[in-house]
Amino acid sequence: NQSELDRQREREREREREREREGSMSYDRAITVFSPDGHLFQVEYALEAVRKGTTAVGIQGSKTLVLGVEKKSTAKLQEPRTQRKIVALDGHVALAFAGLSADARVLVHKARIQCQSYRLTVEDPIPIEVISRYISKVQQSSTIRGGKRPYGVASLLVGFEAGEPRLYKVDPSGTYSQWKASSIGRGSKTCLEFLEKNYASDIEEKDEDPVKLAVKTLLEVVEAGASNIEIAVMRDGEPMQIVSDEEIAAHVEVINKEKEEEKKRKKLSSVSSWPN
Amino acid sequence: KRRRLTMADILLGVTGKDYVLLAADRSAARSIIVFKNDEDKILELDSHKLMATSGPQGDRTNFGEYIQRNLQLYNLANSVPLSTHGAANFARRELAEALRRSPWQVNSLIAGFDKKGPSLYYMDYMASMHKVDKAAHGYGAYFTLSVMDRYCVKDMSLEEGLSVLKKCIHELQTRFLLKCNSFILKVVDKDGTRIIDMDGNTVEPPKPKTFNKSDDSDSKADE
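Now for a description of the structure that goes with this document. (Residues numbered from 1 in each chain as written. Chains lettered and ligands numbered in written order. Predicted model: local features only at pLDDT ≥ 70, side-chain atom pairs only at ≥ 80, totals over all residues. Heavy atoms only, no water.)

### Section: the overall build of chain B
Across its full length, chain B carries 6 helices and 13 strands. Burial status across chain B gives 46% buried among its 223 residues. Taking all contacts inside chain B whose residues are at least 6 apart in sequence as the whole, residues at least 24 apart take part in 60%. Counting every atom, chain B has about 12,200 Å² of accessible surface; 50% of that belongs to carbon and sulfur. (Helix = DSSP H or I, 4+ residues; strand = E, 2+ residues; numbered from the N terminus. Buried < 20%, exposed > 50% of the residue type's maximum accessible area, 1.4 Å probe, protein only. Contact = heavy atoms within 4.5 Å. Areas by Shrake-Rupley, 256 points an atom, 1.4 Å probe, with all protein chains shown as cover.)

### Some thoughts on the overall build of chain A
The number of helices and strands found in chain A is 7 helices and 10 strands. Its C-alpha atoms give chain A a radius of gyration of 24 Å, more than 25% over the compact-globule value 19 Å for 276 residues. Seen along its three principal axes, the alpha-carbon backbone of chain A occupies a region of about 85 × 75 × 40 Å. Within chain A, buried positions represent 41% of all 276 residues. Within chain A, residue pairs in contact and separated by at least 24 positions form 62% of the contacts whose partners lie at least 6 positions apart. (Rg over C-alpha atoms; globule rule 2.2 N^0.38 Å.)

### What to know about the sheet that holds strand S2 (residues 64-70) of chain A
All names here are of chain A. With antiparallel pairing, the 5 strands of this open sheet are ordered in space as S8-S1-S2-S9-S10. Both edges of this open sheet fall to strand S8 (181-184) and strand S10 (241-242), since each of them pairs with a single strand only. Bridge count between strand S1 (residues 56-60) and S2: 5 bridges; the pairing is antiparallel. Bridge pairing links glutamine 60 to leucine 65 in S2. Together, S1 and S8 form the strand contacts of helix H5 (residues 188-198), whose direction differs from that of S8 by roughly 170°. Contacting S1, S2 and strand S9 (229-235), helix H6 (residues 210-219) crosses the sheet at an angle of about 150° to S9. (Pairing = 2+ DSSP bridges. Axes fitted to C-alpha atoms, helices over the stretch in contact; angles between N-to-C directions.)

### Quick look at the nonpolar core
All names here are of chain B. Counting residues in each nonpolar core, the largest one holds 25 residues, and the members touching the most others are Ile10, Leu12, Leu21, Met148, Leu172, Phe183 and Leu185. The set of elements that each furnish at least two residues to this core consists of strand S1 (11-15), strand S2 (19-25), helix H4 (139-151), helix H5 (158-175) and strand S11 (183-189). By residue number, the principal contributor to this core is H5, which donates 7 residues. Setting aside residues up to four positions removed in sequence, isoleucine 10 forms contacts with Ala23, Ala24, Asp25, His137, Gly140, Leu172, Phe176, Cys180 and Phe183. (Core = buried A, V, L, I, M, F, W, Y, C linked by side-chain atoms within 4.5 Å.)

### Some thoughts on the interface of chain B and chain A
Bring the parts together and some accessible area is lost; that lost area is often taken as the interface size. Of the residues lining the interface, 7 residues belong to chain B; the matching set on chain A comes to 11 residues. Across the interface of chain B and chain A, roughly 810 Å² is buried in total on both sides, 66% from carbon and sulfur atoms. By the criterion of area lost to chain A, the three top residues of chain B are Arg69, Leu73 and Leu76 of chain B, representing 71% of everything that side buries. Along the contact surface separating chain B from chain A lie 0 salt bridges. Applying the counting rule to chain B against chain A returns 2 residue pairs in polar contact (both at pLDDT 80 or more). For the side of chain B that touches chain A, a count of residues per class yields 4 nonpolar, 1 polar and 2 charged. (Buried area = accessible area lost by both parts, 1.4 Å probe. Salt bridge = Lys/Arg side-chain N within 4 Å of Asp/Glu carboxyl O. Polar contact = N/O pair within 3.5 Å; in protein donor to acceptor, adjacent residues only side chain to side chain. Nonpolar A, V, L, I, M, F, W, Y, C, P; charged D, E, K, R; others polar.)

### Quick word on helix H2 (residues 57-78) of chain B
All names here are of chain B. Between its first and last C-alpha atoms H2 spans 31 Å; for 22 residues at 1.5 Å apiece the expected length is 32 Å, and the two agree. When H2 is considered as a whole, its buried residues turn out to be Arg60, Phe63, Gly64, Ile67, Gln68, Arg69, Leu71, Leu73, Asn75 and Leu76. Looking one or two residues beyond H2, the residue adopting positive phi is serine 79, at roughly 50°. (Expected span 1.5 Å × (residues − 1).)

### What about the packing of aromatic side chains?
Taken as a whole, this structure holds 6 aromatic pairs over all chains when the rule is applied. Taken together, the aromatic side chains of Phe63, Tyr66 and Trp104 of chain B make up a single cluster linked through ring pairs. Of note, lysine 169 of chain A hangs over the ring of tryptophan 179 of chain A, and the distance from its end group to the ring centre comes to 4.4 Å. (Phe/Tyr/Trp six-rings, centres within 6.5 Å; stacked < 30°, edge-to-face > 60°. Lys NZ or Arg CZ within 6 Å of the ring centre and 35° of its normal.)

### A word on the state of the cysteines
All names here are of chain B. Scanning all chains against the criterion turns up 0 disulfides over all chains. Sulfur of cysteine 180: no disulfide; nearest cysteine sulfur belongs to cysteine 168 and is 12 Å away. The class for cysteine 180 is buried, based on a relative accessible area of 7%. (Disulfide = S-S within 2.5 Å.)

### Remarks on the side chain of serine 155 of chain A
With respect to the helices and strands, serine 155 of chain A occurs in strand S5 (residues 153-161). Not counting chain neighbours up to four residues away, the residues in contact with serine 155 of chain A comprise Leu95, Ala96, Phe97, Tyr168, Lys169, Val170 and Ile184 of chain A.

### Considerations on the packing of H4 of chain B against H5 of chain B
Residue and element names in this part refer to chain B. At a minimum axis distance of 9 Å, the contact between H4 and H5 shows a crossing angle of 145°. Of the two possible hands of crossing, H4 and H5 adopt the one that is right-handed. Contacts from Gly140, Phe143, Thr144, Val147, Met148 and Tyr151 in H4 reach Val164, Lys167, Cys168, Glu171, Leu172 and Arg175 in H5. In terms of residue class, the contact of H4 with H5 is built from 7 nonpolar, 2 polar and 3 charged. (Left-handed = near helix turned anticlockwise from the far one by under 90°.)

### Remarks on the environment of leucine 22 of chain B
All names here are of chain B. Mapped onto the secondary structure, leucine 22 falls in strand S2. It is 6.2 Å that separates the C-alpha atoms of leucine 22 and valine 187, two residues lying 165 residues apart in sequence. Excluding anything up to four places from it in sequence, leucine 22 contacts Leu12, Gly13, Ile42, Leu50, Ala52, Leu109, Ala111, Leu120, Ile184, Leu185 and Lys186.

### Observations concerning unusual backbone geometry
Residue and element names in this part refer to chain B. Even without being a glycine, serine 31 presents a positive backbone phi close to 55°. The residue serine 31 is located in the loop between strand S3 (28-30) and strand S4 (33-36) in this model. The exposure class of serine 31 is exposed, given its relative accessible area of 74%. A positive phi angle is found at aspartate 155, which is not glycine, with a value near 55°. As for its placement among the helices and strands, aspartate 155 is situated in the loop between H4 and H5.

This is the structure we're talking about:
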């Protein structure tokens, strides 16, 4: 009997300890302090929010930079024009984001002010690395101090620095890095794998269109159709240009034809490999 | 004494049927020393706005560039450019708020072309502003306003506007004590801003002087 009571007391004490631990764990999850195993849960949840956002891809050619986004389907009564996922930060920098669009709006506004402030003090257009670093600084600052939650936004920045094309990716954790081709958002894993297989830094020398590659990449994750894709192109010395729907539709047609032909080829080659 | 700092620069502006023409003298000088003779005092605030400024070099350039950068920010952040009226009022408010803290000694003329057509705003260093058809700042005003009053008509063509300005400049060169050999003329119309010469022909924007490390001799640097 005595041992039973002991065991009961032990169990109660264990339950209390568990409740205490859970209490402190939920504390970890609420604000950005480290969890016992070294995670910043809020940052990881922010990355999750980004993974729920619509896909964006960025491709660096030798003379052209391309940003492509998956267009979210707009409600019937909504004006599609007001939903912009590719924005110009300055005449020579463009940004595409994935994640919470309200957070993105705030970040983009801060970035725009920084671009002009840089021009005012330095009298030069802001280098892409510098503005990426600024955005990542803003995002990181909300992961370290009390009360703030991280920005649930990842961005792809493109622009030219002294004639050289540059593509940068910024994370909600506040890390930024340079990429030759990258992707963010819900289809990013698929798109990144596709790009790893199909991207070559000399696309333009081989006379291939980086815009076509962007459309092809997005078609891997987007419901087929030019109406679900938006592409922007940036060339040295020119402001960002949004590609027309007609041009995208033309690319989609060509890509679909090529896929059909590829399928036919595979069928024929597999037939010929059948043993007699 | 504050007023005299802005008086020596000559700024002129006339509005026509579908354009605004601004002229500014090109010398940067203080007291008895001339620093340079190719100063451009008319800033392009954006594709369809010009701002001519006068005053001490520091205030003049700082204020102008500050307004220019803020207008660019507005255009980018709102994807619709600010009207000339809005830009002029923004500049005026900046001057007014600084007036009783650390005032800018900058007289300016803001010219623009927007949906409402061409407009010219006269603004003075104390932040008084008025929309006008013809304007002049500084000592130059004493000589040229009467000429403008006499020869300007409503809905002038660009040629007529240029001839009025030529008369003003001739008056200055004849009667004004300070030497004013060269002027920079800029026009803004529906196609945007451009630099023109006295005959109305478009001129390339003045290239900034470059000093190559390889050049040692002074004469090469002067080119």
